Amino acid sequence: MSTALRRTLFLILLLIAWEAGFRIFDWGWKFPSVLQVLQAFYDGFVHGQLLEATIESVRRLLTAFVLSIVIGVTLGFLFARYRFLDDTIGFLVVALQTIPSIAWLPFAIIWFGMNDFSVIFITTLGATWTMAMSSRTGIKNIPPIYIKAAQTMGTGNGFKMFYQVMVPAAFPHMMTGVRVAWAFAWRALVAGELIAKGVGLGQLLQDGRNLADTALMLCIVIIISVLGTISDHFCFKRMEDKILIRYGLANQKK
């Protein structure tokens, strides 16, 4: 039995158990049935704001994620190459990594107002520190022989060394950082949208809570989980496999 078929059968059994549990235990409005969630999906995408909220949230997420990758990789490279920066700013980043990004939302609202910029700001923070530490670890663990061999072949110590030698050699650690940063970015985004103004999945989740519409709330949870799974499996994992094969770090599957 293939993996896809096993997953499909598992989902079917899960849906059956879910609907049976709703009818047997009479969960009422506290947890919706499968049919109620399907109806909420239909109403949300055909007549409601689910599609618009999803598009707006993904737009904010992608903007913040790109910023976090650029900033995080740059910081990681600097920490790995310069001991002084690693002992000072790097130490601070480790401390900042322990702080939930949502804790910065009150500051963001004071600084920027209750708008997109505040949400993008805390979403970027949510992913940047993880990306910085993963990049730092990956670059610091590059075998010195790679650097020496590249210098012998005329690569030098500048940008050419960075993108031709360091990035490929550190890629497994960096890719792990990318996948974790993506998950952290989602968490920060939804948390920020719960409070800040504007259309988004987080704000719609808050509206569902205010209306006690658990079907709508569960729809948003499912949308986030599906988007996260699809992006990880069809984007990050495939990109990781291709780059590992390209640089000889993995064998191509036949």
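Anything mentioned here points back to the structure above.
On a predicted model such as this, the values are computed, not experimentally measured, just so you know.

Right, let's get into the packing of aromatic side chains. Under the counting rule described, the total for this entry stands at 14 aromatic pairs. Here W104 and F107 contribute two aromatic rings whose centre-to-centre distance is 5.7 Å and whose plane-to-plane angle is 50°, an arrangement assigned as tilted. Note on W111 and F121: the rings are 6.1 Å apart at their centroids and 80° apart in plane angle, and the pair reads as edge-to-face. Of this pair, W111 sits in helix α5 (residues 105–112) while F121 is found in helix α6 (residues 116–140), placing the two residues 10 residues apart along the sequence. Overall, the relative accessible area of 49% leaves W111 in the partly exposed class. Among the aromatic residues, those joined into a ring-pair cluster are W104, F107, W111, F112, F117 and F121.

By rolling a water-sized probe across the atoms, one finds the places where empty space is left. The calculated volume of the largest pocket comes to roughly 650 Å³. Elements represented by at least two residues in the lining of the largest pocket include exactly α1 (3–25), α2 (34–47) and α10 (214–246). Class assignment for the residues of the lining of the largest pocket results in 16 nonpolar, four polar and one charged.

So, about the packing of helix α3 (residues 50–81) against α10. The interhelical angle for the contact between α3 and α10, taken along N-to-C directions, is 45°, at an axis separation of 12 Å. It follows from the interaxial angle that α3 and α10 lie oblique. Read as a crossing pair, α3 and α10 show a hand that is right-handed. Contacts between α3 and α10 involve L50, T54, V58 and F65 from the first element and L216, C219, I220, I223, L227 and F236 from the second.

As a further point, take the packing of α6 against helix α8 (residues 159–195). With their axes 7 Å apart at the nearest point, α6 and α8 run at an angle of 160° to one another. Between α6 and α8, the angle falls in the class roughly antiparallel. Seen from above, α6 lies across α8 with right-handed handedness. Partitioned by chemical class, the residues of the contact of α6 with α8 number 15 nonpolar, 10 polar and one charged.

A separate point is the pattern of salt bridges. Evaluation of the coordinates by the stated rule reveals eight salt bridges. Its salt-bridge partner being R59, residue E56 comes within 2.9 Å of it at the nearest N-O pair. Separated by three residues within a single helix, E56 and R59 lie in helix α3, roughly one turn from each other. Overall, E56 belongs to the partly exposed group, its relative accessible area being 23%. We classify R59 as partly exposed; its relative accessible area is 36%. Among the ionic pairs, E193 bridges to R60, the shortest N-O distance being 2.5 Å. Here R60 lies in helix α3 and E193 lies in helix α8, a separation of 133 residues in the sequence. For R60, a relative accessible area of 3% puts it in the buried group. Among the charged side chains, a salt-bridge network with shared partners connects E56, R59, R60, D116 and E193.

The next subject is unusual backbone geometry. Even without being a glycine, D26 presents a positive backbone phi close to 55°. Position of D26 among the secondary structure elements: in the loop between α1 and α2. Not every positive phi belongs to a glycine, and A212 is a case in point at roughly 55°. Within the element layout of this structure, A212 appears in the loop between α9 (201–210) and α10.

Throughout the structure, instances matching the rule amount to one cavity of 30 Å³ or more. As for the largest cavity, its lining consists of R60, D116, V119, G192, E193, A196, K197, G198, V199, G200 and Q203. If you list the elements that add at least two residues to the lining of the largest cavity, you get α6 and α8. The class makeup of the residues in the lining of the largest cavity is three nonpolar, four polar and four charged.

Procedures and definitions
- Residues numbered from 1 in each chain as written.
- Predicted model: local features only at pLDDT ≥ 70, side-chain atom pairs only at ≥ 80, totals over all residues.
- Heavy atoms only, no water.
- Phe/Tyr/Trp six-rings, centres within 6.5 Å; stacked < 30°, edge-to-face > 60°.
- Helix = DSSP H or I, 4+ residues; strand = E, 2+ residues; numbered from the N terminus.
- Buried < 20%, exposed > 50% of the residue type's maximum accessible area, 1.4 Å probe, protein only.
- 1 Å grid on protein atoms, 1.4 Å probe; cavity = no way out; pocket = protein on both sides within 12 Å on 5 of 7 lines; lining within 4 Å.
- Points joined across faces, edges and corners; volume = space filled by probe spheres on them.
- Nonpolar A, V, L, I, M, F, W, Y, C, P; charged D, E, K, R; others polar.
- Axes fitted to C-alpha atoms, helices over the stretch in contact; angles between N-to-C directions.
- Parallel < 35°, antiparallel > 145°, perpendicular 65-115°, else oblique.
- Left-handed = near helix turned anticlockwise from the far one by under 90°.
- Contact = heavy atoms within 4.5 Å.
- Salt bridge = Lys/Arg side-chain N within 4 Å of Asp/Glu carboxyl O.

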